[in-house]
Amino acid sequence: DHVITLGRSLIEPFLTYSSRRDLRKKAFDAFSSRGELSEERDNLSIATKILRLRKRQANLMDKKTFAEYQTEDTMAQTPENVMKLLTDVWARAKDAADGEREMMEAFLTKKGETLEGGIQP
C-alpha cells in the first residue's frame, strides 16, 4: 500500500500516470474538494474583514474598487482587461482540452475499448 498527500507535486503525477481509474477518481475528488468549508475551519469572518479592508484601501487611494486599485500599475491596467484576457484564455484552453479528450476517446475506440461516461478525471 502507498499513500499520497494532496499536494500538487504529488497529485498531478499520480493523476497522470496511475493505471487505476478508481484511485485516480478518489484522489481527484479529494484534491478538488480540499478547500470545502467545514465548521472547524470557518474563516468567513476573516474573509469579510479582509474585503472591508481592501475596500477601505481602494477608497483611500481614490479608486472605486480594490480590483481597480490593484491592477492600476500592472500590464492589464484595468479589471476589465483582466477579465477579457481570462475569458479569451479560458475559451482557447477549453477548446484544446476538448480536442485532447476527443483524441483519447478515439484512441480507445480504435483499440476496441469504451469508457462508460467517456473520459473522466
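Residues numbered from 1 in each chain as written. Predicted model: local features only at pLDDT ≥ 70, side-chain atom pairs only at ≥ 80, totals over all residues. Heavy atoms only, no water.

## A look at helix α3 (residues 44–60)
Structurally, the α-helix is built with 3.6 residues per turn, so residues lying three or four positions apart point the same way.
Right, so step 1: For α3, with 17 residues, the first-to-last C-alpha span of 24 Å sits near the 24 Å given by 1.5 Å per residue.
Right, so step 2: Looking at the residues trailing α3, positive phi occurs at Asp62, about 60 degrees. (Helix = DSSP H or I, 4+ residues; strand = E, 2+ residues; numbered from the N terminus. Expected span 1.5 Å × (residues − 1).)

## What about the packing of aromatic side chains?
Right, so step 1: Taken as a whole and judged by the stated rule, the model has one aromatic pair.
Right, so step 2: Residues Phe66 and Tyr69 carry aromatic rings whose centres are separated by 5.8 Å and whose planes lie at 50 degrees to one another, so their mutual orientation is tilted. Taken together, the residues span about one helical turn, with Phe66 and Tyr69 both in helix α4 (residues 66–71) at a distance of three residues.
Right, so step 3: Above the face of the Phe31 ring, Arg34 is positioned so that its terminal group lies 3.8 Å from the ring centre. (Phe/Tyr/Trp six-rings, centres within 6.5 Å; stacked < 30°, edge-to-face > 60°. Lys NZ or Arg CZ within 6 Å of the ring centre and 35° of its normal.)

## Concerning the side chain of Arg24
Right, so step 1: Here Arg24 is to be found in helix α2 (residues 21–32).
Right, so step 2: Lacking a salt bridge, the buried Arg24 has Asp22 as its closest oppositely charged neighbour, with an N-O distance of 7.3 Å. (Buried < 20%, exposed > 50% of the residue type's maximum accessible area, 1.4 Å probe, protein only. Lys, Arg positive; Asp, Glu negative; His and termini not counted. Salt bridge = Lys/Arg side-chain N within 4 Å of Asp/Glu carboxyl O.)

## Topic: unusual backbone geometry
Right, so step 1: Residue Asp62 is not a glycine yet carries a positive backbone phi of 60 degrees.
Right, so step 2: You can see Asp62 is positioned in the loop between α3 and α4.
Right, so step 3: Although it is not a glycine, Gln77 sits at a positive phi angle of roughly 75 degrees.
Right, so step 4: Mapping Gln77 onto the fold places it in the loop between α4 and α5 (79–110).
Right, so step 5: What makes Gln77 partly exposed here is its relative accessible area of 45%.

## Observations regarding the side chain of Ser18
Right, so step 1: Note that Ser18 resides in the loop between α1 (8–17) and α2.
Right, so step 2: Relative accessible area serves as the criterion here: at 14%, Ser18 is assigned to the buried category.
Right, so step 3: Among the polar contacts listed, one links the side chain of Ser18 to the backbone nitrogen of Arg20, at a separation of 3.1 Å.
Right, so step 4: If near-sequence neighbours (up to four positions away) are discounted, Ser18 is found in contact with Pro13 and Arg24. (Polar contact = N/O pair within 3.5 Å; in protein donor to acceptor, adjacent residues only side chain to side chain. Contact = heavy atoms within 4.5 Å.)

## Section: the pattern of salt bridges
Right, so step 1: With the rule as written, the count across this model stands at nine salt bridges.
Right, so step 2: Measuring nitrogen to oxygen at the nearest pair gives 2.7 Å for the salt bridge that ties Lys63 to Glu72.
Right, so step 3: Relative accessible area serves as the criterion here: at 40%, Glu72 is assigned to the partly exposed category.
Right, so step 4: In this structure, Lys94 engages Asp98 in a salt bridge whose closest nitrogen and oxygen atoms are separated by 3.0 Å. Taken together, the positions of Lys94 and Asp98, both in helix α5 and four residues apart, correspond to about one turn of that helix.
Right, so step 5: For Asp98, a relative accessible area of 23% puts it in the partly exposed group.

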